[in-house]
Amino acid sequence: MKFEQNYIDIFNQNRALIDQGSAGALNALRDKALDCLERNGLPHKGLEEYLHTDVAHWFEPDWGMNLSRLDMHVDLAQAFRCNVPNLSTLLYFLANDEFALSDTAAKASLPDGVFVGSLRRAAKELPAIVESHYGTLADMDRPGIAAVNTMFAQDGLMIYVPDGVILDKPLQLVTLLHSPVDLMVNRRILIVLGRGAQLRLLLCDHALAANNFLTTQIVEAFAGAGSSLELYDLEETHNANLRVSEFYINQEADSNVEADFVTLHNGQTRNSVFSTFVGRGSNLSLNGIATIDREQHVDNMTFVDHRVSDCTSNELFKYVLDDNASGAFAGKVLVRHGAQHTESQQTNRNICLTRQARMFTQPQLEIYADDVKCSHGATVGQLDEKAMFYMRQRGIPEKEARMMLMQAFVGEVIGHIALEPLHDRLNRLVEKRFRGELSQCEGCRACRE
Amino acid sequence: MDTASQDNSLIREISAEKYRYGFTTDVHTEIIDRGLTEDTVRLISERKGEPEWMLEFRLKAYRHWLTMEMPHWAHLDIPEIDYQNISYYADPTVKKQGPKNLDEIDPQVMKTFDKLGIPLEERLALSGGVAVDAVMDSVSVKTTFKQTLAEKGIIFCSMGEAVRNHPDLVRQYLGSVVNYRDNFFAALNSAVFSDGSFVYIPKGVRCPMELSTYFRINAAGTGQFERTLIVADDDSYVSYLEGCTAPMRDENQLHAAIVEIVVLDRAEVKYSTVQNWYPGDENGRGGVYNFVTKRGLVKGVDAKLSWTQVETGSAITWKYPSCVLQGDGAQGEFYSVALTNNWQQADTGTKMIHLGRNTRSTVISKGISAGHSQNSYRGLIKVGEHADGARNYSQCDSLLLGSECGAHTFPYMDVKNETAIVEHEATTSKISEDQLFYCNQRGIPMEQAIGLIVNGYAKEVLNKLPMEFAVEAQRLLSVSLENTVG
């Protein structure tokens, strides 16, 4: 019990203020969350799941918290003009954790029954749906940040797509960190898809100011029977940004979920993905890229729980580590008793470009059913010398050859991403990243600063 | 008798027949009182006639053990162990009366080892055979071919004898690979260890025969805590085999051993184990808890250590034979077949720690789970900052026979050097129905077909065993799989 005490005190002193800036379902879970934090504390290096990322220490500084929900004065339209070429999206913002609409999204009319908006507002307007879903996947009793997030989260994004509704246009949520002081942000995203519903969501994480930030983020996604969810999470922040995210995915029968995690530029990142199959015949595809340098750190942890039979999960994570960067990947696949005909494949490949770069990888299989096909593979190595030689022989300069090989290396993951217009953009960003330029687009203030 | 109870009695018969080493020997054994205190440690040291430094070593370990807690990180469900309800020293060689003649072995003990297929008469051994150190409970009963080996300068004796006769070597190397602070069971062993084998192969000597230690638990209410130390000096070679069995009892018996190996320049050590402690009955009653720390320091340039293990016994196995690849060009190998049936649990694997340049390691692990058993592979590949050109390849396959068992893989890779290449592959699947069908079609009954396929699956590892062991291991795999059909 070290750093959490400070947060317990802040919570107890400001409970009324926190509740006042939020709404019903969010406030209802705070007492339980407090109890969990008091019992379990913050996730620290002593826990196997957090061996390589000491998240508890991230909570040590005296972070500012905007509990009274002061307006931060961000002109979102000015701040962000970052488009994915050839992809038209409905754009939404979370400025820190405050929801805002873009002009286009405000004018767009969504199909009947669809809700895309502030979670706080949803708690008032769709109380039944929010109450029956909010906090039901995020397990506050396991090591993690679900408890502390639930204590402080006041707003976020809610997406509800009723049965049979297909959203043709992808939604894009841009989260912008902006503050005159060092700030801790606790945000929440709740996605509920009805039977046969379809949704594509692009999450873009940016930092608008050069201050230090700590973000805790919980995403809970419910994929109803026969539904389809594509979730793309792109992180392009800066070196002073600490981000700890937990994604919880619940898949009912015959649903398809793709979740991709791309860390192009960051400070320290920890992503945990907990995915559960509760209905038969579902598919899950989890992919990840981390291209990091300097002192950056990316730790992706995935836990795929095959509770029922006839489901398929595929995972592909690739890291390129330069300078003093460090990476960690831990992927666990649990096939429970009776989950026959499970197919699961997990691959993690990593390239260390310097002597100081460090990679830790830990794929795990835990299997209690016999009629299954499960495999995992992990490698840590360098660029293929033979391929380098081949290209040099043909007159390609060494630097260029390295670049091409690294691009091809992460290109495999990009190729797995279902949203094709994203390929070009990611390829371009990755190339810039490898060329040593900041991995940012030029269009907006978010990237220029 | 109804059909169900008939079936049960049949199962009982088969399982009783299955573990053919489950008998006990009625031999006068002096067992010290149960419990573990500083006095127990002093008593063991006194019984073994040890010098003061050895007692100090034990006491330091005991005091450290008191500050430790039993580890719970393994994927094992270990019932509470009452360390005060175990006797830590049992000597079956003490005569009831009459003068002590150390060379004379109780005929009952001789018979026991004969029955186990371990001839203690040198004349009975196969030509060019195997030198055996036979350990029953806490004491080494006999070491064969000592004279033949001594002619080449090889020391092969019990640990107790080594402490008395070669104190300098023992002091130099004992605890140098597995420190008493290493883990809970290492501390316990360092405090109360009894006989194991001590091997020293001098410079440039290739050991002319296989060396072997056979461990036997006989007395009830005891644990076995043997300690083995192998030192292979420059340019030497030795192949060492280890076998073990225990009687069938309803109580669980604890076996917590330490094996330390030091391999110097260009030397090679091959360490093979066929572990066949009593696994418990079909309801999970009884069986040995096998909590072992095995580690080799591959210290020399171009030195090599190879671990091969066939694990079919024990109720619970907690064992990770490891290589610390310190010398430039050092090589480590780990070949393992771990079979669990009924209610057995195994959490086993290896650690390859690459410290020197151009070090290489290979890990091949084959897990087979049947019945209600749980079988885990846990391994660590660590590449240090200075281990330029380190290379590792790991392959872990699991085979599931039955829907009630579990197969798990927990590999860890920690790479701190950009020139390293580390590869890991793992697969889990059930036995191929096509292969079974093919065998059945040709008139091979189901049980035999499974045995055949499993042996083929494990062949990559079995091939690494010395011949005598390979035959035994193949038979063991087939026997352990009896009754897994359906």
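Everything numeric in this text was worked out from a predicted model, so none of it was measured.

1. Section: the overall build of chain A
A tally of helices and strands in chain A yields 13 helices and 19 strands. For chain A, the C-alpha atoms occupy an extent of roughly 70 × 55 × 50 Å along the three principal directions. Counting every position in chain A, which comprises 449 residues, the buried fraction comes to 55%. A sequence separation of at least 24 residues applies to 84% of the contacts in chain A between residues at least 6 apart.

2. Here we look at the overall build of chain B
Counting its regular elements, chain B contains 11 helices and 24 strands. The C-alpha radius of gyration computed for chain B amounts to 22 Å, which stays within 12% of the reference 23 Å derived for 486 residues, consistent with globular compactness. With the C-alpha coordinates of chain B rotated into their principal frame, the extents come out at 65 × 65 × 50 Å. Here chain B, with 486 residues, has 54% of them falling under the buried criterion. For chain B, contacts bridging at least 24 residues in sequence account for 83% of all contacts bridging at least 6.

3. A closer look at the nonpolar core
With 274 residues, the main nonpolar core has Ile159 of chain A together with Val199, Val263 and Val269 of chain B as its most contacted residues. For this core, the leading source of residues is strand β6 (residues 183-193) of chain A, giving 8 residues. When residues of this core are assigned to domains, at least three map to each of domain 1 (4-279) and domain 2 (383-449) of chain A. Residues within four places of Ile159 of chain A in sequence aside, it is in contact with Phe115, Val116, Leu171, Ile191, Leu199 and Leu201 of chain A.

4. Considering the interface of chain B and chain A
Often, the extent of an interface is quoted as the loss of accessible area upon association of its parts. Opposite the 28 residues of chain B that make contact, chain A presents 30 residues. At the level of elements, β23 (406-415) and β24 (421-430) of chain B are the ones that each hand at least two residues to the side of chain B that touches chain A. Residues that form the side of chain B that touches chain A fall into these classes: 11 nonpolar, 11 polar and 6 charged. Here 6 bridges tie strand β18 (residues 358-367) of chain A to β23 of chain B, and the two strands are oriented antiparallel to one another. Counterpart to Leu365 of chain A in the pairing with β23 of chain B is Thr409 of chain B.

5. Topic: the environment of Glu404 of chain B
Residues and elements named next belong to chain B. Residue placement: Glu404 occurs in the loop between β22 (391-401) and β23. A residue is classified by how many C-beta atoms lie within 10 Å of it, and Glu404, with 14 of them, is partly exposed. Taking the C-alpha atoms as reference, Glu404 lies 7.7 Å from Ala370; in sequence the two are 34 residues apart. Among all residues touching Glu404, those that are not within four sequence positions of it are Gly371 and His372.

6. Comments concerning unusual backbone geometry
Even without being a glycine, His341 of chain A presents a positive backbone phi close to 60°. With respect to the helices, strands and loops of the structure, His341 of chain A is situated in the loop between β16 (326-335) and β17 (343-352). With a phi close to 55°, Arg266 of chain B is a non-glycine residue in the positive phi region. Arg266 of chain B sits in the partly exposed class, given 18 other C-beta atoms within 10 Å.

7. Considering the environment of Phe222 of chain A
Residues and elements named next belong to chain A. Assignment of secondary structure puts Phe222 in strand β8 (residues 213-223). C-alpha of Phe222 to C-alpha of Gln251: the two residues are 29 residues apart in sequence and 6.4 Å apart in space. Sequence-distant contacts of Phe222, defined by excluding residues within four places in its chain, comprise His133, Ile191, Val192, Leu193 and Asn250.

8. Focus on helix α10 (residues 385-393) of chain A
For α10 of chain A, the tally of buried residues reaches only 0 of 9 residues, placing the bulk of the element at the surface. Looking at the residues trailing α10 of chain A, positive phi occurs at Gly395 of chain A, about 85°.

9. Here we look at helix α3 (residues 30-40) of chain A
All names here are of chain A. Within α3, burial applies to Arg30, Ala33, Leu34, Cys36 and Leu37. One face of α3 carries all of its buried residues, which in axial projection span an arc of 165°. Along α3, exposed side chains directed more than 90 degrees from the buried face belong to Asp31 and Arg39. Those residues of α3 hidden inside the fold are in contact with α1 (4-20), α2 (24-28) and α9 (146-152). Directly after α3, the chain includes Gly41, whose backbone phi takes a positive value near 70°.

10. Digging into the confidence of the model for chain A
When the pLDDT values of chain A are averaged, the result is 89; 94% of them are 70 or greater. Every residue in residues 439-449 of chain A is under pLDDT 50, and counting partners more than four places away or in other chains gives 27 contacts.

11. Focus: the packing of α1 of chain A against α3 of chain A
Residues and elements named next belong to chain A. As a packed pair, α1 and α3 sit with axes 10 Å apart at the nearest point and diverge in direction by 155°. One finds that α1 runs roughly antiparallel with respect to α3. Between α1 and α3 the crossing geometry is left-handed. In this structure, α1 uses Glu4, Ile8 and Phe11 to contact α3, whose residues at the interface are Leu34, Leu37 and Glu38.

12. Remarks on the packing of helix α3 (residues 52-66) of chain B against helix α8 (residues 184-192) of chain B
All names here are of chain B. Where α3 contacts α8, the two axes come as close as 7 Å, and the packing angle between them is 145°. Of the two possible hands of crossing, α3 and α8 adopt the one that is left-handed. Of the residues in α8, those in contact with Phe57, Arg58, Ala61, Tyr62, His64 and Trp65 of α3 are Ala187, Leu188, Ser190 and Ala191. Here the residues of the contact of α3 with α8 are counted per class, giving 7 nonpolar, 2 polar and 1 charged.

13. Considerations on the pairing of strand β4 (residues 156-161) of chain A
All names here are of chain A. Most of β4 sits out of view: 6 of its 6 residues are buried. Inspection of the sheet shows strand β3 (residues 115-118) paired to β4 by 4 bridges, in the antiparallel sense. Its bridge partner being in β4, Phe115 is matched across the sheet by Tyr160. Both β4 and β6 contribute to a ladder of 6 bridges, which runs parallel. Pairing of Val161 across the sheet is with Leu193, part of β6.

14. Quick word on the pairing of strand β5 (residues 171-177) of chain A
All names here are of chain A. Taking burial as the measure, the 7 residues of β5 include 7 buried ones, the bulk of the element. Neither face of β5 is exposed, since Leu171, Leu173, Thr175 and Leu177 on one face and Gln172, Val174 and Leu176 on the opposite face are all buried. The pairing of strand β1 (residues 90-95) with β5 spans 6 bridges and is classified as parallel. Looking at β5, one finds that Ala95 is bridged to Leu176. Pairing of β5 with strand β7 (residues 198-207) involves 7 bridges; the strand directions are parallel. Residue pairing for β7: Leu173 is matched across the bridge by Leu203.

15. Considerations on the environment of Pro127 of chain A
Along the polypeptide, Pro127 of chain A turns up in helix α8 (residues 127-133). Measuring from C-alpha to C-alpha, the distance between Pro127 of chain A and Arg195 of chain A comes to 20 Å, with 68 residues separating the pair along the chain.

16. Some thoughts on the confidence of the model for chain B
Residues and elements named next belong to chain B. Across chain B, the average pLDDT comes to 86, with 91% of residues at or above 70. Throughout residues 1-17 the model reports pLDDT below 50, and contacts reaching past four residues in sequence, or to other chains, amount to 7 contacts. Low pLDDT (under 50) marks residues 98-102, which in the prediction has 1 contact with non-local residues, meaning those over four places away or in another chain. Across the whole predicted complex the pTM is 0.84, and at the interface the ipTM reaches 0.78.

Each value, and the rule that gives it
- Residues numbered from 1 in each chain as written.
- Chains lettered and ligands numbered in written order.
- Predicted model: local features only at pLDDT ≥ 70, side-chain atom pairs only at ≥ 80, totals over all residues.
- Helix = DSSP H or I, 4+ residues; strand = E, 2+ residues; numbered from the N terminus.
- Buried ≥ 20, exposed ≤ 12 C-beta atoms within 10 Å, placed from the backbone.
- Contact = placed C-beta atoms within 7 Å.
- Rg over C-alpha atoms; globule rule 2.2 N^0.38 Å.
- Core = buried A, V, L, I, M, F, W, Y, C linked by C-beta atoms within 7 Å.
- Domains from an automatic or database assignment.
- Nonpolar A, V, L, I, M, F, W, Y, C, P; charged D, E, K, R; others polar.
- Pairing = 2+ DSSP bridges.
- Arc of directions from axis to C-beta.
- pLDDT = per-residue confidence, 0-100.
- Axes fitted to C-alpha atoms, helices over the stretch in contact; angles between N-to-C directions.
- Parallel < 35°, antiparallel > 145°, perpendicular 65-115°, else oblique.
- Left-handed = near helix turned anticlockwise from the far one by under 90°.

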